[in-house]
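# Tertiary structure, described
As a plain string of letters, each chain reads:
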Amino acid sequence: MLALTAGALFVLSGLYNVSASREHLDVTTWLLDLVRRQSIRTYSLDVGQPPPEAPDAARLGAVHYELGCAACHGAPGRPPSALQAAMLPSPPSFAESVFRWSPRQLYWIVRNGQKYTGMPAWIAPGRADEVWPVVAFLGRMRDLDAHAYKELAGIARGRPAFGLGFGTLRERLEVCARCHGAPGAASPIGIVPQLSGQSRAYLERALHDYADGRRPSGYMQLIAAMLDDEEMRALAAAYAEAAAPPRAQVQDIPAELLQRGEVIAREGLPAKGVPACLNCHVDARNPAFPRILGLSSPYVEQQLRLFRGGKRNATTFGPIMQAVALRLEDGDIAAVGAYLGSLAPRIAP
Ligand code: HEC
Ligand code: HEC
Ligand code: HEC
């Protein structure tokens, strides 16, 4: 009883120093760390097995890490930043600490963040699917020296640009190009959509949709939130005015799947009430609708699932596409994805 009263008095007295400039007492640090680790171990048990890794997943994760995590956690070959050094608990430099967590535990940490530490949750709570590429990158970080990291994060030639909002158009485009390719080039990451040759009105609207949170994506919301209207217009124009890169040759996709996909795209599935995709996805219909002929299969399939699952229907035109996607079964999505992907530009190595 006496101990309890003394404890309560200590808490109420406000004597315990919670400022970020003083380390906790050893025992407090130990206790907090234990609570944190146990909590991660317990809650991450609910995380399902990682999905098969998309080919360029680690690259997408690396570019995002550089833009959204490195300021706090540092990067291979880069000493801790002033911000990292000033925070308590100090964000761990991953070289030592990240390897004790399994992929499912890392997924849980990056998705949920950590209370009272400054470690943020994934910006788009509904897009848990987006967290796996970051985990794929973290799992590979141990093997990266400074050069390999820069290469993967797309900054080998550019400079690390954290303040995306303050540069020139050229500097901003340099950041976009890390994931989307430069205007006129193919997207270097298969799961990132092709922007070159896309409709200008659509690109501009998509940027607003991300910035306003109507279209959730932890990757794009981080970036779009730093752009003003004028900058969005200029970026959309730069990509829309560039010619679309040449289409790739059809690769080894089963002919049957391609045929079925072509039928869906050009004629639809009348029995299921699915209109032909190209009815809407040609310029003449509405310039604010996207062109889908240059998009890769993994991206098309992912977006169709998002529409179907009600995760991309808060935009102005989202409900139109959701009504179509709800009528597609998994097999239809795979077929139409394979067909559209077979027409996509070859991805630069
Ligand atoms: C504002 C600063 C900040 C940002 C931005 C941030 N983190 Fe953290 N992160 C922290 C802090 C602080 C901790 C330490 C928590 C602790 O020790 O209790 C942490 C912990 C972690 C851990 C657990 C590490 C360990 O060894 O226990 C992982 C993994 C992690 N962060 C990944 C990321 C990723 C990936 C991103 C980007 C998507 C990110 N963090 C962005 C501050 C940040
Ligand atoms: C870290 C990688 C990354 C960077 C850097 C990046 N993007 Fe994206 N972008 C993505 C991903 C991933 C998506 C798809 C997100 C989704 O599921 O909605 C996307 C989607 C988009 C879309 C929607 C395209 C469509 O077909 O619907 C636009 C427009 C866009 N990005 C513009 C930009 C611009 C402009 C920049 C530079 C200022 C930029 N992006 C930088 C990863 C990135
Ligand atoms: C009735 C018109 C209509 C039909 C038919 C239609 N779409 Fe769409 N689709 C849209 C609109 C409008 C959007 C833009 C939604 C938004 O901006 O959120 C869209 C978006 C998309 C996107 C996202 C593109 C991107 O860059 O992110 C894909 C992929 C897509 N549709 C594929 C298909 C496929 C495959 C079919 C055929 C099975 C199809 N659509 C049929 C109107 C249509």
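Residues numbered from 1 in each chain as written. Chains lettered and ligands numbered in written order. Predicted model: local features only at pLDDT ≥ 70, side-chain atom pairs only at ≥ 80, totals over all residues. Heavy atoms only, no water.

## Describing the coordination of the iron atom of ligand 1
Here the iron atom of ligand 1 is held by His73 (NE2) and Met119 (SD), and the distances to it run 2.0 to 2.1 Å. Note that the iron atom of ligand 1 binds six donor atoms; their angles at the metal cover 87 to 178°, and the shape is octahedral. One end of the pair, His73, is in helix H4 (residues 70-73); the other, Met119, is in the loop between helix H7 (103-112) and helix H8 (131-140), and 46 residues separate them in sequence. Owing to a relative accessible area of 11%, His73 belongs among the buried residues under this scheme. (Donors = N, O, S within 2.8 Å, 3.2 Å for Na, K, Ca; no water. Tetrahedral: all angles 85-135°; square planar, octahedral: opposite > 155°, others 65-115°. Helix = DSSP H or I, 4+ residues; strand = E, 2+ residues; numbered from the N terminus. Buried < 20%, exposed > 50% of the residue type's maximum accessible area, 1.4 Å probe, protein only.)

## Concerning the confidence of the model for the chain
Residues at a pLDDT of 70 or more form 87% of the chain, whose mean pLDDT is 85. Contacts of residues 7-11 to residues separated by more than four positions or lying in other chains number two contacts, the stretch itself having pLDDT below 50. (pLDDT = per-residue confidence, 0-100. Contact = heavy atoms within 4.5 Å.)

## With respect to a nonpolar patch on the surface
There is a patch of nonpolar side chains on the surface, built from Val27, Trp30, Leu31, Leu34 and Val35 and spanning about 510 Å² of accessible area. When you line up the elements, Val27 lands in helix H2 (residues 26-43). Relative accessible area serves as the criterion here: at 55%, Val27 is assigned to the exposed category. (Patch = residues over 30% accessible without salt bridge, like charges linked within 9 Å, V, L, I, M, F, W, Y side chains within 5 Å. Areas by Shrake-Rupley, 256 points an atom, 1.4 Å probe, with all protein chains shown as cover. Salt bridge = Lys/Arg side-chain N within 4 Å of Asp/Glu carboxyl O.)

## Brief notes about the site of ligand 2
Residues in contact with ligand 2 amount to 23 residues; listed here are only the nearest, Cys176, Cys179, His180, Tyr202 and Met220. A distance of 2.8 Å is found between a nitrogen atom of ligand 2 and a side-chain nitrogen or oxygen belonging to His180. In this structure, an oxygen atom belonging to ligand 2 sits 3.3 Å away from a side-chain N or O atom of Tyr299. No other element matches the five residues that helix H11 (residues 200-211) contributes to the shell around ligand 2. (Near = heavy atom within 4 Å. Polar contact = N/O pair within 3.5 Å; in protein donor to acceptor, adjacent residues only side chain to side chain.)

## Side note on the coordination of the iron atom of ligand 2
Taken together, His180 (NE2) and Met220 (SD) make up the full set of protein donors to the iron atom of ligand 2, lying 2.0 to 2.3 Å away. Classification of the site at the iron atom of ligand 2 as octahedral follows from its six donor atoms and the range of 87 to 178° in their angles at the metal. Taken together, the residues span a long stretch of sequence, with His180 in helix H10 (residues 169-180) and Met220 in helix H12 (residues 218-224) at a distance of 40 residues. Accessibility assignment for this pair places His180 and Met220 in one class, buried.

## Notes on the side chain of Ser196
Secondary-structure assignment places Ser196 in the loop between H10 and H11. Within the structure, Ser196 has its side chain in polar contact with the backbone oxygen of Ala185 (distance 3.3 Å). In contact with Ser196, not counting residues within four places along its chain, are Ala182, Pro183, Gly184, Ala185, Tyr239, Ala242, Ala243, Ala244 and Pro245.

## Some remarks on the packing of aromatic side chains
Summed over all chains, the structure comprises six aromatic pairs. When the centroid spacing of 5.2 Å and the interplanar angle of 45° are considered together, the rings of Tyr65 and Phe137 count as tilted. Of this pair, Tyr65 sits in helix H3 (residues 57-68) while Phe137 is found in helix H8, placing the two residues 72 residues apart along the sequence. The exposure class assigned to Phe137 is buried, which follows from its relative accessible area of 0%. Here the aromatic rings of Trp122 and Tyr219 are separated by 5.3 Å at their centres, their planes lie at 80°, and the arrangement is edge-to-face. Remark: Tyr219 occurs in helix H12 and Trp122 occurs in the loop between H7 and H8; sequence separation between them is 97 residues. A single burial state applies to Trp122 and to Tyr219, both of which are buried. Chaining the aromatic ring pairs together yields one cluster made of Tyr65, Phe137 and Tyr149. (Phe/Tyr/Trp six-rings, centres within 6.5 Å; stacked < 30°, edge-to-face > 60°.)

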